[in-house]
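Topology and contacts: notes
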Amino acid sequence: MVFDRVMGIAQSLTAIILGLSAPAASVPHTTDSSALGAVASACAGSTTAAGDTHSRLEAMYCGVNVVRRAYGLGVVRGSVPLNRSSVLKADAVRHCGFTHTPCGMSFMRTFQRAGYLPARSFAENLAWGQAELGSPAHTLGMWLNSPPHRENLLGRRWRDLGIAVERGHMFGRDDVSLWVMQFGRRR
């Protein structure tokens with residue numbers, strides 16, 4: 001889900017994909033599988049759902065930026081307010097269901113509570129996977145295969161990144177990893 005701030009009004013945008021021709025030299029010759037292979041080789045712990053929370057978050061931060069660099073994009077930096085917002089969203093999703101508006105809260109609520117707003121634009125990706133399907137690399141692969149999530153992951157406008165992961169019994173299953181990734185740009 002993406003929100004842009006236009007003339008002071010936050011608006012929900014649907015992913016729109018435009019085909020524009022560019023000089024051949026400026027088009028990265030990357031495939032999703034080569035980008036994910038780079039994640040597996042460059043980011044320790046990215047191919048497993050095992051490990052402590054800190055190592056899993058580090059693997060995901062690394063993976064996001066490896067994928068972005070593979071596609072010729074700038075890196076995104078960790079943001080304390082977006083990390084806080086991601087944790088708030090993960091807790092709500094875990095307790096109230098897998099949606100961008102858990103517990104009846106507005107999409108913007110966790111961004112507000114965490115102090116990230118006002119911002120020019122912000123977006124969010126959610127995912128969950130059982131056992132190894134919840135690894136950082138597999139989760140990145142799922143997002144790359146979903147057009148709106150891919151647009152968020154590979155968005156040029158993002159500068160800030162927040163990530164949360166929770167693991168345990170969720171959604172009626174054991175050994176689930178729940179990921180919340182939030183992107184933003186304040187200026």
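Structure: see above.
Here's a quick rundown of the structure. Everything quoted here is computed from the prediction, not taken from an experiment.

This part is about the overall build of the protein. Helix and strand counts for the protein stand at 6 helices and 6 strands. Helices (α) and strands (β) of the protein occur, in sequence order from the N terminus, as β-β-α-α-β-α-α-β-α-α-β-β. The burial tally for the protein puts 45% of its 187 residues in the buried class. Long-range pairs, those at least 24 residues apart, make up 72% of the contacts in the protein between residues at least 6 apart in sequence. A total of about 9,200 Å² of accessible surface is found on the protein, and carbon and sulfur atoms cover 57% of it.

If you walk through the whole model with that rule in mind, you get 6 aromatic pairs. Ring geometry for Phe-98 against Phe-171: centres 5.9 Å apart, planes inclined by 80°, an arrangement best described as edge-to-face. Taken together, the positions of Phe-98 in the loop between α3 (80–96) and α4 (109–113) and Phe-171 in the loop between β5 (160–170) and β6 (173–185) put the pair 73 residues apart, joining distant regions of the chain. With 6.1 Å between their ring centres and 5° between their planes, Phe-107 and Phe-122 make a pair best called stacked. Taken together, the residues span a long stretch of sequence, with Phe-107 in the loop between α3 and α4 and Phe-122 in strand β4 (residues 121–130) at a distance of 15 residues. Each member of the pair, Phe-107 as well as Phe-122, carries the same accessibility label: buried. Taken together, the ring pairs connect Phe-98, Trp-128 and Phe-171 into an aromatic cluster. Its guanidinium or amino end placed over the ring of Tyr-71, Arg-150 lies 5.5 Å from that ring's centre, counting from NZ or CZ.

We now examine the pairing of β4. The buried count for β4 comes to 8 of 10 residues, which makes it a mostly enclosed element. Where β4 lies against β6, 10 bridges are found, and the strand directions are antiparallel. Bridge pairing links Leu-126 to Val-180 in β6.

This brings us to the packing of helix α2 (residues 53–70) against helix α5 (residues 136–144). At their nearest, the axes of α2 and α5 sit 9 Å apart, and the two run at 40° to each other. Relative to α5, the element α2 is oriented oblique. Where α2 crosses over α5, the handedness of that crossing is right-handed. For the pair α2 and α5, contact is made by Arg-56, Ala-59, Met-60, Gly-63, Val-64 and Val-67 and by Pro-136, Thr-139, Leu-140, Trp-143 and Leu-144, respectively. For the contact of α2 with α5, the residue count by class is 8 nonpolar, 2 polar and 1 charged.

Reading the values: the criteria
Residues numbered from 1 in each chain as written. Predicted model: local features only at pLDDT ≥ 70, side-chain atom pairs only at ≥ 80, totals over all residues. Heavy atoms only, no water. Helix = DSSP H or I, 4+ residues; strand = E, 2+ residues; numbered from the N terminus. Buried < 20%, exposed > 50% of the residue type's maximum accessible area, 1.4 Å probe, protein only. Contact = heavy atoms within 4.5 Å. Areas by Shrake-Rupley, 256 points an atom, 1.4 Å probe, with all protein chains shown as cover. Phe/Tyr/Trp six-rings, centres within 6.5 Å; stacked < 30°, edge-to-face > 60°. Lys NZ or Arg CZ within 6 Å of the ring centre and 35° of its normal. Pairing = 2+ DSSP bridges. Axes fitted to C-alpha atoms, helices over the stretch in contact; angles between N-to-C directions. Parallel < 35°, antiparallel > 145°, perpendicular 65-115°, else oblique. Left-handed = near helix turned anticlockwise from the far one by under 90°. Nonpolar A, V, L, I, M, F, W, Y, C, P; charged D, E, K, R; others polar.

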